[in-house]
Amino acid sequence: MSAELGGRTGRQGKLSQWLRGRRPKETGADDAGREALLLAAAGAGLPLAPAAHPAPGYRCSCDRVGCPTPARHPVSFAWQTQSTTDRAQIERWARHQPQANFITATGMVHDVLDLPLEAGREALERLLASGIEVGPVAESDDGRLLFFTLTRGTPEDEDEWWPCELDCHPETMDEHPGLRWHCRGSYVLVPPARLPGEASVHWVRGLEHPLPDPLSLLEILTDACARYAGEEPDHAGAGWPLRH
């Protein structure tokens, strides 16, 4: 799978040039830029589906009273089967729903390791300084840094892995402030996305970077989260991330 993702050098080179010419928070400023980034995500293999968007007064476009995750959730309960990398479908969604955010379903092609922003920035600096391959990274203005990786898939021993639902649902993630591992049954917003209060989700490192094995990042990410929480890292147990 990694060879397939790494082989699109021509498209990734063009995307790299395009991303370097954009400031992160400008990516959602125009329809052409938004659609280009969504199609680039799909071209990198990330399955997408439409999501809610901010409404006036810090509300969600779903109009659910007290929506727990305004502008952060899919619009359809069938988002897992709806998620696609089909270019024509994504173009239709983007043009017919010009305000919509998009989610990417994890556990199919990619996973996402989701850290508090301060811990994530420290971890990113350490990873790059150590020469460890880091893939795409997105920053959410609500205080999270998202490391996109290859999915771990389903090991031969099914007991070693489990769907996200056994831990919690995305809408309950505020209860889990540390490192979250989004795998099967979960999703994250894909840039460019708008959050209530003029906040956004944007790329810090773009999709021209190949997806790495999540285990190559895990030790430094857990160490950074342990320091962020004021705890000593425990690689044998307590420092292991919550899987979503």
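Residues numbered from 1 in each chain as written. Predicted model: local features only at pLDDT ≥ 70, side-chain atom pairs only at ≥ 80, totals over all residues. Heavy atoms only, no water.

## Examining the sheet that holds strand β1 (residues 48-51)
Spatial strand order, β1-β4-β9: 3 strands in an open sheet with antiparallel pairing. Each having just a single partner strand, β1 and β9 (187-189) make up the two edges of the open sheet. Averaged over all pairs of adjacent strands, the angle between their axes in this sheet comes to 35°, without regard to strand direction. The sheet strands contacting helix α5 (residues 87-96) are β1 and β4 (101-105), and the helix crosses β1 at an angle near 15°. (Pairing = 2+ DSSP bridges. Helix = DSSP H or I, 4+ residues; strand = E, 2+ residues; numbered from the N terminus. Axes fitted to C-alpha atoms, helices over the stretch in contact; angles between N-to-C directions. Contact = heavy atoms within 4.5 Å.)

## What to know about the packing of aromatic side chains
The tally for this structure, following the rule as stated, stands at 3 aromatic pairs. Look at Trp93 and Phe102: their rings are 6.3 Å apart centre to centre, the planes differ by 45°, and that puts the pair in the tilted class. The class of Trp93 is buried, set by a relative accessible area of 10%. (Phe/Tyr/Trp six-rings, centres within 6.5 Å; stacked < 30°, edge-to-face > 60°. Buried < 20%, exposed > 50% of the residue type's maximum accessible area, 1.4 Å probe, protein only.)

## Some details on unusual backbone geometry
The amide bond that connects Pro191 to the next residue, Pro192, takes the cis arrangement and shows omega of -5°. Along the polypeptide, Pro192 turns up in the loop between β9 and β10 (193-195). Of note, Tyr58 is a non-glycine position whose phi angle comes to about 60°, a positive value. Judged by its relative accessible area of 63%, Tyr58 falls in the exposed class. A positive phi angle, near 70°, is found at Glu198, a position not held by glycine. Relative to the elements of secondary structure, Glu198 occurs in the loop between β10 and β11 (199-205).

## A few points about the side chain of Ser83
For Ser83, the position within the fold is in the loop between α4 (79-82) and α5. Take Ser83: its relative accessible area is 12%, and that puts it in the buried class. The residues touching Ser83, leaving out its near neighbours within four places in the chain, are Pro47, Leu48, Ala49, Ile103 and Ala105.

## Here we look at the pairing of strand β5 (residues 110-116)
The buried fraction of β5 is high, at 7 of 7 residues. Of the pairings in the sheet, the one linking β5 to strand β7 (residues 144-150) comprises 7 bridges and is antiparallel in character. The residue bridging Val112 from the neighbouring strand is Phe148, located in β7.

## Overview of the environment of Ala55
Locating Ala55 in the fold gives a position in strand β2 (residues 54-55). A relative accessible area of 16% means that Ala55 is categorised as buried. Separated by 142 residues in the primary sequence, Ala55 and Gly197 have C-alpha atoms spaced 9.6 Å apart. What Ala55 contacts, discounting residues up to four positions off in sequence, is Cys60 and Ser61.

That's the geometry; what it means functionally is another story.
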